[in-house]
Amino acid sequence: MKKLTLREIQQAELSILLEFDKIARENGLKYSLFAGTMLGAVRHKGFIPWDDDIDITMPRPDYEKLIGLNKTPGFLPDYLKMACFEDGSLDVPFMKIFDTRTKIREKNFKEKTVESLWIDIFPLDGLPESYEEKKKLYKKSLMFSKLNVAAAVKTGYGTTRAKVVLKAVFVKPAALLMGRHRIGAIQKKLASRFPYGKTPECGLTVWGYDGPDQALTVSEYEDLIEMEFEGCSFLCTSAWDKNLKGIFGDYMKLPPENERITHDMEAYLL
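Values in this document were obtained by computation on a predicted structure and should not be read as measured data.

K.L.:
When you look at the pairing of strand β10 (residues 224–229) in this model, what are you seeing that I'm missing?
P.N.:
Where a strand is regular, its side chains alternate between the two sheet faces. Alignment of β10 against strand β11 (residues 232–237), held across six bridges, turns out to be antiparallel. When the bridges of β11 are listed, Met227 appears paired with Phe234. Taking the residues that link successive antiparallel strands as the turn, the β10-β11 hairpin has two residues, and the phi of Glu230 there is positive, at about 55°.

Here's what the structure looks like:
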């Protein structure tokens, strides 16, 4: 196996994104670059220099249509594999597309179903109209998202000694007792309380890390534009500035080096 550099990891993930974009356009599926990928497109015209993943969002109806289309033989190239919570192949309530020509080893996580480089595809759901209700929804979602992660994170991982002990003694045992798939089911049920398109606003609520200020109206999200990323053109919400400010605040300011988070993994080409 050949060990990949960070830049080679990024290029492998870009190739997955190009195939996904082709499929989405051919089948009339809406999607947008999201979070760090959207930020990278705006601030760097590509990957954030230290980043090692790609994030995409889709309205849940399009996300579910994609799952259905994948049941057609030959829908994806042979080397790509789709996994999602809905078919039981992932314990997190979203989707990944893997490049099976690669192999990864994550330093701090142990996930049996995540063995290759991937891109993440998150479903968007509706949001309550009250800001206070949005905050409550994201607070619950974040709690279960952290619980889901705790079940997979290796013992001894944490930013402080107190957090390491807390996770090892209380959080991880509780997460393992519940089981990741059961936690994921709770996350999906929380998000599905507000169907996409039935309320004015939408957001990523199955994975609660980015908070209520990411909210966009459905019409804002679906007003898609072309955005440059690594010399290619991908779809992105035209309300990218509002979305990025809601997630990152002053998003053009580089974070300190100790806050530049990656998956801390090794990747290999088979």
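Alright, that's what it looks like, and here's the rest.
K.L.:
Could you clarify how one ought to interpret the packing of aromatic side chains in this entry?
P.N.:
When we look at a pair of aromatic rings, we describe it by the centre distance and by the angle of the planes. Taken as a whole and judged by the stated rule, the model has six aromatic pairs. Ring centres 5.1 Å apart and planes at 70° place the aromatic pair Phe20 and Tyr31 in the edge-to-face group. Here Tyr31 lies in the loop between α1 (6–26) and β2 (32–33) and Phe20 lies in helix α1, a separation of 11 residues in the sequence. The pair Phe20 / Tyr31 is uniform in exposure class, with both members buried. Here the aromatic cluster, defined as three or more aromatic residues joined through ring pairs, consists of Phe94, Phe122, Trp207 and Tyr209. In this structure, Arg101 is placed above the aromatic ring of Tyr79, and the distance from its NZ or CZ to the ring centre is 3.7 Å.

K.L.:
Even after reading the chapter, I still don't get the pattern of salt bridges, so can you show me in this structure?
P.N.:
If the charged atoms of two oppositely charged side chains come close together, the side chains can form a pair. Tallied over the full model, the rule gives 16 salt bridges. Taking the shortest distance from any N to any O, the salt bridge between Lys242 and Glu220 comes out at 3.0 Å. With Lys242 in helix α8 (residues 240–248) and Glu220 in helix α7 (residues 218–222), this pair connects stretches of sequence that are 22 residues apart. Classification of Glu220 by relative accessible area gives partly exposed; the value is 24%. Salt bridges sharing partners connect three or more residues here, namely Arg60, Glu86, Asp125 and Lys188.

K.L.:
Sorry if this is basic, but what is going on with the pairing of strand β3 (residues 55–59) here?
P.N.:
Counting buried positions over the five residues of β3 gives five, a clear majority of the element. Burial along β3 is two-sided: the face carrying Asp55, Thr57 and Pro59 and the face carrying Ile56 and Met58 are both buried. In this structure, β2 lies alongside β3, joined through two bridges in antiparallel fashion. Counted as the bridge partner of Ser32 is Thr57 from β3. Pairing of β3 with strand β7 (residues 117–126), which is carried by five bridges, proceeds in the parallel orientation. Within β7, the position partnered with Met58 by the bridge is Pro123.

Reading the values: the criteria
Residues numbered from 1 in each chain as written. Predicted model: local features only at pLDDT ≥ 70, side-chain atom pairs only at ≥ 80, totals over all residues. Heavy atoms only, no water. Pairing = 2+ DSSP bridges. Helix = DSSP H or I, 4+ residues; strand = E, 2+ residues; numbered from the N terminus. Phe/Tyr/Trp six-rings, centres within 6.5 Å; stacked < 30°, edge-to-face > 60°. Buried < 20%, exposed > 50% of the residue type's maximum accessible area, 1.4 Å probe, protein only. Lys NZ or Arg CZ within 6 Å of the ring centre and 35° of its normal. Salt bridge = Lys/Arg side-chain N within 4 Å of Asp/Glu carboxyl O.

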